[in-house]
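Below, each chain spelled out in residue letters.
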Amino acid sequence: MFEKIEKTRKKTLILVTVVWSIGIICSIYFLVGGLGMNKSDAKYMRTLSLIPLLIAATIHKSRSDKYAELFRLNFFKEIVGNNDYQISFENSVGFGSAEIKNWGIVPNVNYAVCKDAIRGSKGQNAFLLCQMDVVGRDRLEGAPLWFSGIYLIFKLKESSKGTILLRTNDNLREEKKQSQFGFLDVKLNAYMTGKHKFDEEIHVYAENERLVQILTESRMENLLKLYKHFGYRLWMGIVDDELHVAINATSGFFLPGLMRPVTGMLLEKQKKSMNDLKQLIDMAAKID
């Protein structure tokens, strides 16, 4: 199976490399040609220099999308698409930075993008998984891209209008250590659930006390299991009738880049990643 995918990857990489090389050369040609011209003509030449780059970017995206579709059809569906899961793949999702910031699940959002989405259902529950990258505000120390991982939105059966943020001890320690996050951009109050074990590990912030009641004993137990499994990488919350789970993981879960040769070893690694995602979905289903 991987020989066919690898052959397509190589062809795509060669085409993209050639297209970008030609685009850059043409762009430089127009820029150099504009030197010494009057302001009006020089501005026109600078505008022309952008056209080859735009063409290269369009071809790059088109060919990369086709490669991604081939990879998914020949590999991902074999792993995820079975009787338990009904899935489809999408290159983009219907929300952006503003929504992600308003949800408040992941803090310190200046800009965020979600891509390579898997939309599906398990039993009666619908879910959306995507690869998410978050660029933080200027006050963040270190690299601006502080979060790169997976984001799960899992539809709960019980409707509850409002926001609950669940901050683990690891979340709070990270904030205190790095002074990175003003995580409560959404103004919420702190509440105790009365379950000592849960309150020791996870801190609840909600719009009102009524919302906290949806954290049943069974849900709290399974939220703890989720935290124990993913640890410090995990961010959680409930927005209206949806469970949101973000897991910070530097390696891509969904699709390897064009520069990575497709081998049996790579596919085994991707298979493990997809099995991790299946486990996440299963654990989320238990929370409902």
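A. How the structure looks around helix α1 (residues 2–33). Taking 1.5 Å as the rise per residue, α1 with 32 residues should run 46 Å; its terminal C-alpha atoms sit 46 Å apart, in good agreement. What α1 keeps buried is the set I5, E6, R9, T12, V16, V19, G23 and S27.

B. Geometry of the nonpolar core. Ranked by internal contacts, the top residues of the largest apolar core, which has 38 residues, are L166, L223, L226, L243 and L280. Per-element tally for this core: the top contributor is helix α8 (residues 264–287), with seven residues. Those residues in contact with L166, other than ones at most four positions away along the chain, are N171, F198, I202, H203, V204, L215, L223, M236 and G237. The next biggest cluster of nonpolar side chains, apart from the first, holds 24 residues, and it includes V93, L128, W146 and Y151.

C. Seen up close, unusual backbone geometry. Its identity as a non-glycine residue notwithstanding, D240 has a phi of 55 degrees, on the positive side. Considering the arrangement of structural elements, one finds D240 in the loop between β8 (234–239) and β9 (242–248). Looking at D240, the relative accessible area reads 28%, which means it is partly exposed.

D. Here's a closer look at the state of the cysteines. Counting across every chain of the model gives zero disulfides. We note that C130 lacks a disulfide partner, and the nearest cysteine sulfur, in C114, lies 3.1 Å from it. Judged by its relative accessible area of 1%, C130 falls in the buried class.

E. Representation of the pattern of salt bridges within the structure. Under the defined criterion, the tally for this structure stands at six salt bridges. Across the pair K228 and E201 runs a salt bridge whose closest N-O atoms are separated by 3.4 Å. One end of the pair, K228, is in helix α7 (residues 217–230); the other, E201, is in helix α5 (residues 196–201), with 27 residues separating them in the sequence.

F. Seen up close, the pairing of strand β5 (residues 163–168). Counting buried positions along β5 yields six of six residues, so the element is predominantly enclosed. Burial along β5 is two-sided: T163, L165 and R167 facing one way and I164, L166 and T168 facing the other are all buried. Here β5 runs beside strand β7 (residues 202–206); their pairing, made up of five bridges, is antiparallel. Within the sheet, the bridge partner assigned to R167 lies in β7 and is H203.

G. Here's a closer look at the pairing of strand β3 (residues 125–135). Along β3, nine of the 11 residues are buried, which leaves the element largely enclosed by surrounding structure. In this structure, strand β2 (residues 111–122) lies alongside β3, joined through 10 bridges in antiparallel fashion. What sits directly across from K122, in β3, is N125. Connecting the antiparallel pair β2 and β3 is a turn made up of two residues, with G123 showing a positive phi of about 65 degrees. The sheet contact formed by β3 and strand β4 (residues 145–155) spans nine bridges and is antiparallel. The partner of D133 across the bridge, within β4, is S148.

H. Main features of the packing of aromatic side chains. Scanning the entire structure with this criterion turns up three aromatic pairs. On the basis of an interplanar angle of 70 degrees and a centroid distance of 5.8 Å, the ring pair of Y29 and F30 is categorised as edge-to-face. Geometrically, the ring pair formed by F95 and W103 is edge-to-face, given 5.0 Å between the ring centres and 65 degrees between the ring planes. With a relative accessible area of 16%, F95 lands in the buried category. Following the ring pairs from residue to residue traces out a cluster consisting of F95, W103 and Y151.

I. Just α7, in detail. With 14 residues, α7 should reach 20 Å at 1.5 Å per residue; the first-to-last C-alpha distance of 20 Å fits that figure. Those residues of α7 that fall on the buried side of the exposure criterion are R219, M220, N222, L223, L224, L226, Y227 and F230. Following α7 by one or two positions, G231 adopts a phi angle in the positive range, close to 60 degrees.

Criteria and thresholds
Residues numbered from 1 in each chain as written. Predicted model: local features only at pLDDT ≥ 70, side-chain atom pairs only at ≥ 80, totals over all residues. Heavy atoms only, no water. Helix = DSSP H or I, 4+ residues; strand = E, 2+ residues; numbered from the N terminus. Expected span 1.5 Å × (residues − 1). Buried < 20%, exposed > 50% of the residue type's maximum accessible area, 1.4 Å probe, protein only. Core = buried A, V, L, I, M, F, W, Y, C linked by side-chain atoms within 4.5 Å. Contact = heavy atoms within 4.5 Å. Disulfide = S-S within 2.5 Å. Salt bridge = Lys/Arg side-chain N within 4 Å of Asp/Glu carboxyl O. Pairing = 2+ DSSP bridges. Phe/Tyr/Trp six-rings, centres within 6.5 Å; stacked < 30°, edge-to-face > 60°.

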